[in-house]
Amino acid sequence: MPRFTPSILISDCWGSVGDLTFYHQNGQCFYQGQFAGTEGQLAHLDVHKRALAAWRELDHSVQLTWNVFAKPVISHKPPFDNSAHISGQNLFVSAYHGFATLGCEQVPTPQPWENFPVYALEFVSSDLAGADDLMLRFRATFENCPSPERYQVLLKLQLTNLGKGKHPGKMRNFLAVRPCSADDETVEFLIKDYRNIWGLDLNEYQAHCRYLLLDRQTGYRNIHTPLSFSFSI
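Definitions and limits used
- Residues numbered from 1 in each chain as written.
- Predicted model: local features only at pLDDT ≥ 70, side-chain atom pairs only at ≥ 80, totals over all residues.
- Heavy atoms only, no water.
- Patch = residues over 30% accessible without salt bridge, like charges linked within 9 Å, V, L, I, M, F, W, Y side chains within 5 Å.
- Areas by Shrake-Rupley, 256 points an atom, 1.4 Å probe, with all protein chains shown as cover.
- Salt bridge = Lys/Arg side-chain N within 4 Å of Asp/Glu carboxyl O.
- Lys, Arg positive; Asp, Glu negative; His and termini not counted.
- Charge placed at Lys NZ, Arg CZ, Asp CG, Glu CD.
- Helix = DSSP H or I, 4+ residues; strand = E, 2+ residues; numbered from the N terminus.
- Buried < 20%, exposed > 50% of the residue type's maximum accessible area, 1.4 Å probe, protein only.
- Pairing = 2+ DSSP bridges.
- Axes fitted to C-alpha atoms, helices over the stretch in contact; angles between N-to-C directions.

### Observations regarding a negative patch on the surface
Residues E149, D183, D184 and E185 make up a contiguous surface patch of negative charge. Secondary-structure assignment places D184 in the loop between β7 (172-175) and β8 (186-191). For D184, a relative accessible area of 39% corresponds to the partly exposed category.

Here you go:
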């Protein structure tokens, strides 16, 4: 995609205007024209449009409440020095997407931002689930979290040949089979029709991941953590 070139008048861009969409990858800004993505990406775009429509229908006093709750939330966009914060609309849309990802799309109610617990995933094993599906298992570690069942892990995954690097555009989202649990550290992801997703039928794979927590009470999410590993089938 074409890279955006800063000028004296415009130092950076993000979001959409007209037929153009600006986005950031590896610290650089790119843009693209009319969006023509995969079925999953188009479905995600439809959710985003519904989220924006729902924001416009909110009473102004509710929008102001969202603005207050968004003040302590650090933006993940430029200038990347923790000095910028998101808007109430950003927080609302993020929560809307979170609930949609959890399978319960709804208009979220304003709730204060709470810091997420410290956690980590460690790859444990892989197994075939039937002829065409793959089950990946991880061990989850939480620190000082009294209610891990409040959270569910979202995995952004790409499978490649051994030793091959990641391509963020080829990562796909997979929600953990069940919420986290204080009684069971195992987190499982079912990768349906995994061979056709990336066009690979191998005995060994390289996996590139980004995982994050979704708050089942608020719809909020935290910053993703990268993870790469290899496994055999």
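After presenting the structure, the write-up continues.
### A look at the sheet that holds strand β6 (residues 151-160)
Read across the sheet, four strands follow the order β7-β6-β9-β10 without closing on themselves; strand pairing throughout is antiparallel. Edge positions in the sheet fall to β7 and β10 (225-232), since each of these pairs with one other strand and no more. Sheet twist, expressed as the average angle between the axes of neighbouring strands with direction ignored, equals 35°. As judged from the 10 bridges shared by β6 and strand β9 (residues 204-215), these two strands associate in the antiparallel manner.

### Description of the sheet that holds strand β4 (residues 118-129)
Strands sit in the order β4-β5-β8 across an open sheet of three strands; the sheet is antiparallel. A strand with exactly one partner marks an edge of an open sheet, and here the two such strands are β4 and β8. Pairs of neighbouring strands in the sheet enclose a mean axial angle of 25°, with direction left out of account. The pairing of β4 with strand β5 (residues 133-143) spans 11 bridges and is antiparallel. Bridge pairing in β5 links L128 to L134.

### Overview of the pattern of salt bridges
Proximity of charged atoms lets side chains of opposite charge pair with each other. Per the counting criterion, the structure on display carries nine salt bridges. The partner of R50 in a salt bridge is E105, with the nearest N and O atoms 2.7 Å apart. Residue R50 is found in helix α1 (residues 39-57), and its partner E105 is found in the loop between α3 (88-101) and β4; the two are separated by 55 residues along the sequence. The salt bridge partner of R137 is D127, with a shortest N-O separation of 2.3 Å. On the criterion of sequence distance, the pair formed by R137 in strand β5 and D127 in strand β4 is long-range, its members being 10 residues apart. A residue is classified by how much of its surface remains accessible, and R137, at 22% relative accessible area, is partly exposed.

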